[in-house]
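Take a look at the letters that make up each chain.
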Amino acid sequence: MVYGYIRVSTDRQTVENQRFEIKRFAQQQNLQVDGWLEETISGTKSYTKRGLGRLLKKVRKGDLIICAELSRLGRSLFMIMEILNICMNKECRVWTIKDNYRLGDDIQSKVLAFAFGLSAEIERNLISQRTKEALARKKAEGVTLGRPKGKTPIPNQQCEKKREWIREMLSQGMPKSDIAKNLHIARGTLYRFLSSAATTSTSAGNQLTECSSVIFSHLDASCSSKVNSPPITEQ
């Protein structure tokens, strides 16, 4: 498949000049353009947010993309190199008219592939280093890193008012969805309230058990001291 890619930055620019150049170039190379992609968007936009990104996902081995010049692909060097690297990995050719650039299987493309890999590795290392430096600075400033702790949800006021009614309806076997419908609340709200109430009840029960064990331990100690004390004799 042969694709013609045309991009202009504003509506005031015309795509006809680029289309004419690509058509004439294809005729000179005895090629037939099978599909056209025209878009009006800034070259500074990431290719993933443009029609070019969809085209790069679509191309297959042996396909050819023709554009007027490399700057039509993107404005930054790294973006152009990334796009060409994707095409190289998919073994898709890229030809430009004004730059007379050919991305294929020749030695120039292999050298370019090495440059792509080296620049990508340097960029990754720079990003990693900047991230580590920023984290170290935040840590030195006393900033707590990582995910923030979750907040305790505020109990629903409607559920709090109807706590006893909810308990009674549950004991009678009423479905939770019907209870939520009667209270005019979402089922998720009712589930969270019941979960919170169960947690609170469990916590209170644990505290009561601890208090009971402490009281009984004191009673046992008191009884033991009375049993072991010597009997009182009358004078």
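Residues numbered from 1 in each chain as written. Predicted model: local features only at pLDDT ≥ 70, side-chain atom pairs only at ≥ 80, totals over all residues. Heavy atoms only, no water.

### Considering the overall build of the protein chain
1) Next: Counting its regular elements, the protein chain contains eight helices and five strands.
2) Next: Helices and strands appear in the protein chain in the N-to-C order β-α-β-α-β-α-β-β-α-α-α-α-α.
3) Next: Long-range pairs, those at least 24 residues apart, make up 62% of the contacts in the protein chain between residues at least 6 apart in sequence.
4) Next: Entry remark: accessible area of the protein chain is about 17,000 Å², with carbon and sulfur atoms responsible for 54%. (Helix = DSSP H or I, 4+ residues; strand = E, 2+ residues; numbered from the N terminus. Contact = heavy atoms within 4.5 Å. Areas by Shrake-Rupley, 256 points an atom, 1.4 Å probe, with all protein chains shown as cover.)

### With respect to the packing of aromatic side chains
1) Next: Throughout the structure, instances matching the rule amount to one aromatic pair.
2) Next: Aromatic side chains Phe 25 and Trp 95 sit 6.2 Å apart centroid to centroid with 85° between the ring planes, which places their arrangement in the edge-to-face category. Here Phe 25 is found in helix 1 (residues 16-28), whereas its partner Trp 95 is found in strand 4 (residues 93-96), with 70 residues between them in sequence. Per residue, the accessibility class of Phe 25 equals that of Trp 95, and both read buried.
3) Next: The lysine or arginine in question, Arg 19, covers the ring of Trp 36, its NZ or CZ lying 4.4 Å from the ring centre.
4) Next: Directly above the ring of Trp 95 sits Arg 102, whose terminal nitrogen or CZ lies 5.0 Å from the centroid. (Phe/Tyr/Trp six-rings, centres within 6.5 Å; stacked < 30°, edge-to-face > 60°. Buried < 20%, exposed > 50% of the residue type's maximum accessible area, 1.4 Å probe, protein only. Lys NZ or Arg CZ within 6 Å of the ring centre and 35° of its normal.)

### Description of a nonpolar patch on the surface
1) Next: A surface patch of nonpolar side chains, about 240 Å² in accessible area, is lined by Leu 135, Val 143 and Leu 145.
2) Next: Residue placement: Leu 145 occurs in the loop between helix 4 (107-140) and helix 5 (157-161).
3) Next: Take Leu 145: its relative accessible area is 40%, and that puts it in the partly exposed class. (Patch = residues over 30% accessible without salt bridge, like charges linked within 9 Å, V, L, I, M, F, W, Y side chains within 5 Å. Salt bridge = Lys/Arg side-chain N within 4 Å of Asp/Glu carboxyl O.)

### Section: the pairing of strand 2 (residues 35-40)
Along any regular strand the residues' side chains alternate between the sheet's two faces.
1) Next: Because side chains alternate across strand 2, one face comprises the buried residues Gly 35, Leu 37 and Glu 39, and the other comprises Trp 36, Glu 38 and Thr 40, none of which is buried.
2) Next: Two strands pair when backbone bridges link them, and strand 1 (residues 2-8) and strand 2 are joined in this way by six bridges, in the parallel orientation. Residue pairing in the sheet places Ile 6 in a bridge with Glu 38 of strand 2.
3) Next: Between the parallel elements strand 1 and strand 2, the chain passes through helix 1 in a crossover that is right-handed. (Pairing = 2+ DSSP bridges. Right-handed = clockwise from strand over helix to strand, strands pointing away.)

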